Amino acid sequence: MHRALAAAAALAGVLAPFAGARLAAVSREGRVAPLELAEWIRDRKPGVRVIDLRPAVEVDLVRIPRAERIEGGTLDAARFRPDEILVLVSGDGGEVAASAWARLRAHGHREVRVLEGGADRWVDDVLNPTLAPDAAPEAVAAFRRTSELSRYFGGVPRVLPPGEAAPRPAGGAARHVVVRGRGC
Amino acid sequence: MSPQLPQLPQLAQVAPFVDLGTMGPHGTLWAAVLIGIAFGWALERAGLGSARRLAGQFYLTNLSVFRVMFSAIVTAMLGTYWLAHLGMLDLARVFVPETYLVPQVVGGLLFGAGLVVAGLCPGTSCVAAATGRGDGLSVMLGMLGGVLVSGLGLPPLRALYESTPRGALTIPQVLGLPYGVVVAGVVALALVAFRLLDRVERPG
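Novice: Where do I start with the pairing of strand S5 (residues 112-115) of chain A in this structure?
Specialist: Regular strands place their side chains on alternate faces of the sheet. Residue and element names in this part refer to chain A. Of the two faces of S5, the one lined by Val 112 and Val 114 and the one lined by Arg 113 and Leu 115 are each fully buried. Relative to S5, strand S4 (residues 85-89) runs parallel, the two sharing three bridges. In the strand pairing of S5, Leu 88 is matched with Val 114.

Put into structure tokens, the structure is as follows:
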């Protein structure tokens, strides 16, 4: 029995490095939702500094207003004030931002956030918000507030026609082409 | 390019239970009670309610604690890692306690000294008390008293308590290694350590 368990653990351990590196842990407090970030930017919340870690070609497709692009590799050399709220943006599912988040926290920066879902979620939530035709009154009220915010950033909120499901995020550059040139 | 396993099937994401609404707050409380009972039962069955057995760890006469605890760590680590890869657990929502270097070193030394003196740690003291051992009950009372005194005495200790913050560190971040490599390393370390224990242990 012990040998079987040891063999199972050994197998699970040996396979672990080959399972891919998609996992990085960012605490709940270390994240900010796209709509919340949009409010921060619109309201010019003091101290917010948005750091875009995506490659230049992706930044050109979807720009987040007030964001400055910094290469992940040069992040350690960048200077940040201790009172700044750093918001990290990546577009790859979050690994780059999560890794940068951990590095900045390890260097003593207390206020570091990762944009939830990266640039893809920014596009979905801020630029392309949708409302189901049969949505509850609370959802409709929330959508009104979101729509106002979305239009501020050049977004196109829309109410889905009956029978149409909310668009599934396609991801990748193809979807970004659609929103090229939008945003502040 | 390093070889990779084929994309694993992605199952429904259900955990963390509260965050994802899989289980309400009452459900998680009940789950905590059941897990606590199971944990206590496992500790008792492993013989860790005995102070003699725990103290044997430090004299190399009985290394059950190491075996049980390291097995638990490896099991939890592998479960977390693979459940996250299967999509069932959102690892980004799992709380990672923050590291405060100096206070945690001080606390660790204090905890270790208490463990040697009492022969029990918080969990095993509860198990010992539940099985009617007087030393377990004494350690439990001492522990609760210590918690109360620490809480009341926090203001003058606050500077130490909040010193040397390092954020929510994990071993992969500190070592700069991929998560999977660290998992493999810990498993290898455990298997080698278990193999060596038989040679090191000197049953008294």
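Novice: I tried to follow the nonpolar core on my own but got confused; where do I start?
Specialist: Generally speaking, nonpolar side chains in soluble globular proteins are found buried as a group. Residues and elements named next belong to chain A. Membership of the largest hydrophobic core comes to 21 residues, with the highest contact counts inside it found for Leu 37, Val 50, Val 87, Leu 115, Trp 122 and Phe 153. The set of elements that each furnish at least two residues to this core consists of helix H2 (34-42), strand S2 (48-52), S4 and helix H5 (118-127). Looking at this core element by element, the count peaks at five residues for H5. Those residues in contact with Val 50 that sit more than four places away from it in its chain are Leu 37, Ile 41, Ile 64, Arg 66, Ala 67, Glu 68, Val 87 and Val 89.

Novice: Which parts of the structure should I look at to understand helix H9 (residues 179-200) of chain B?
Specialist: In an α-helix there are 3.6 residues to a turn, and that puts residues three or four apart on one side. If you check H9(B), its first and last C-alpha atoms are 31 Å apart, about what 22 residues at 1.5 Å a residue would give, namely 32 Å. Regarding H9(B), the residues found buried are Gly180(B), Val182(B), Val183(B), Ala184(B), Val186(B), Val187(B), Ala190(B), Ala193(B) and Leu197(B). Looking at the buried residues of H9(B), the elements they touch are helix H1 (2-15) of chain A together with helix H3 (64-85) and helix H8 (171-175) of chain B.

Novice: Please clarify how the packing of aromatic side chains should be interpreted in this entry.
Specialist: Aromatic rings in a pair are described by how distant their centres are and how their planes are angled relative to each other. All chains considered together, the criterion is met by seven aromatic pairs over all chains. Considering the side-chain rings of Tyr152(A) and Phe153(A), the 5.0 Å spacing of their centres and the 80° angle between planes classify their relative orientation as edge-to-face. With a centroid separation of 5.3 Å and 80° between ring planes, the pair formed by Phe66(B) and Phe70(B) is classed as edge-to-face. Of this pair, Phe66(B) and Phe70(B) both sit in helix H3, four residues apart, which is roughly one turn of that helix. Given a relative accessible area of 28%, Phe66(B) falls into the partly exposed group. According to the relative accessible area criterion, Phe70(B) is buried, its value standing at 12%. Pairwise contacts between aromatic rings join Trp122(A), Tyr152(A) and Phe153(A) into one cluster. Seen from the ring of Trp40(A), Lys45(A) lies directly overhead, with NZ or CZ sitting 5.0 Å from the centre.

Novice: Mind showing me how you'd approach the sheet that holds S2(A) here?
Specialist: Sheet strands line up and pair through hydrogen bonds in the backbone, either parallel or antiparallel. All names here are of chain A. With parallel pairing, five strands are arranged side by side in an open sheet as S1-S5-S4-S2-S3. On the outer flanks of this sheet lie strand S1 (31-32) and strand S3 (67-69), each paired with one strand and no other. Where S1 and S5 come together, two bridges link them in parallel fashion. Directly across from Arg 31, in S5, lies its bridge partner Val 114.

Novice: Would you explain the packing of H2(A) against helix H6 (residues 137-152) of chain A in this entry?
Specialist: What describes two packed helices is the angle between their axes and the distance between those same axes. Residue and element names in this part refer to chain A. With their axes 10 Å apart at the nearest point, H2 and H6 run at an angle of 55° to one another. Between H2 and H6, the interaxial angle falls into the category oblique. Like other packed secondary-structure pairs, H2 and H6 cross with a definite hand, here left-handed. Across the interface between the two elements, Leu 35, Ala 38, Glu 39 and Arg 42 from H2 touch Thr 146, Glu 148, Leu 149 and Tyr 152 from H6. Each residue belonging to the contact of H2 with H6 can be placed in one class, and the counts come to four nonpolar, one polar and three charged.

Novice: Is there a simple way to explain the confidence of the model for chain A in this structure?
Specialist: A low pLDDT score tells you not to read the predicted coordinates there in detail. All names here are of chain A. For chain A, mean pLDDT is 79; residues scoring 70 or higher make up 78% of the total. Of all the helices and strands in chain A, helix H7 (residues 172-178) carries the lowest mean pLDDT, 35, while H2 carries the highest, 94. Within the model, pLDDT remains below 50 along residues 168-184, and this stretch shows 29 contacts once partners closer than five positions in the same chain are excluded.

Novice: Would you mind showing me how to read a nonpolar patch on the surface here?
Specialist: Residues and elements named next belong to chain B. Taken together, Leu 101, Val 102, Val 106, Leu 157 and Leu 160 make up a surface patch of nonpolar side chains, about 380 Å² in accessible area. Those elements that provide at least two residues to the nonpolar patch are helix H4 (101-118) and helix H7 (154-161). The biggest single contributor to the nonpolar patch is H4, with three residues. With respect to the helices, strands and loops of the structure, Leu 157 is situated in helix H7.

Novice: What is the right way to read the pattern of salt bridges from this model?
Specialist: For side chains bearing opposite charge, pairing can occur when the charged atoms are close. Residue and element names in this part refer to chain A. Inspection of the entire model under this criterion finds 14 salt bridges over all chains. With its nearest N and O atoms 3.1 Å apart, the salt bridge here joins Asp 83 to Arg 81. Classification of Arg 81 as partly exposed rests on a relative accessible area of 48%. One connected set of salt bridges, linked through shared partners, spans Arg 49, Glu 68, Arg 81, Asp 83 and Glu 84.

Rules behind the numbers
- Residues numbered from 1 in each chain as written.
- Chains lettered and ligands numbered in written order.
- Predicted model: local features only at pLDDT ≥ 70, side-chain atom pairs only at ≥ 80, totals over all residues.
- Heavy atoms only, no water.
- Buried < 20%, exposed > 50% of the residue type's maximum accessible area, 1.4 Å probe, protein only.
- Helix = DSSP H or I, 4+ residues; strand = E, 2+ residues; numbered from the N terminus.
- Pairing = 2+ DSSP bridges.
- Core = buried A, V, L, I, M, F, W, Y, C linked by side-chain atoms within 4.5 Å.
- Contact = heavy atoms within 4.5 Å.
- Expected span 1.5 Å × (residues − 1).
- Phe/Tyr/Trp six-rings, centres within 6.5 Å; stacked < 30°, edge-to-face > 60°.
- Lys NZ or Arg CZ within 6 Å of the ring centre and 35° of its normal.
- Axes fitted to C-alpha atoms, helices over the stretch in contact; angles between N-to-C directions.
- Parallel < 35°, antiparallel > 145°, perpendicular 65-115°, else oblique.
- Left-handed = near helix turned anticlockwise from the far one by under 90°.
- Nonpolar A, V, L, I, M, F, W, Y, C, P; charged D, E, K, R; others polar.
- pLDDT = per-residue confidence, 0-100.
- Patch = residues over 30% accessible without salt bridge, like charges linked within 9 Å, V, L, I, M, F, W, Y side chains within 5 Å.
- Areas by Shrake-Rupley, 256 points an atom, 1.4 Å probe, with all protein chains shown as cover.
- Salt bridge = Lys/Arg side-chain N within 4 Å of Asp/Glu carboxyl O.

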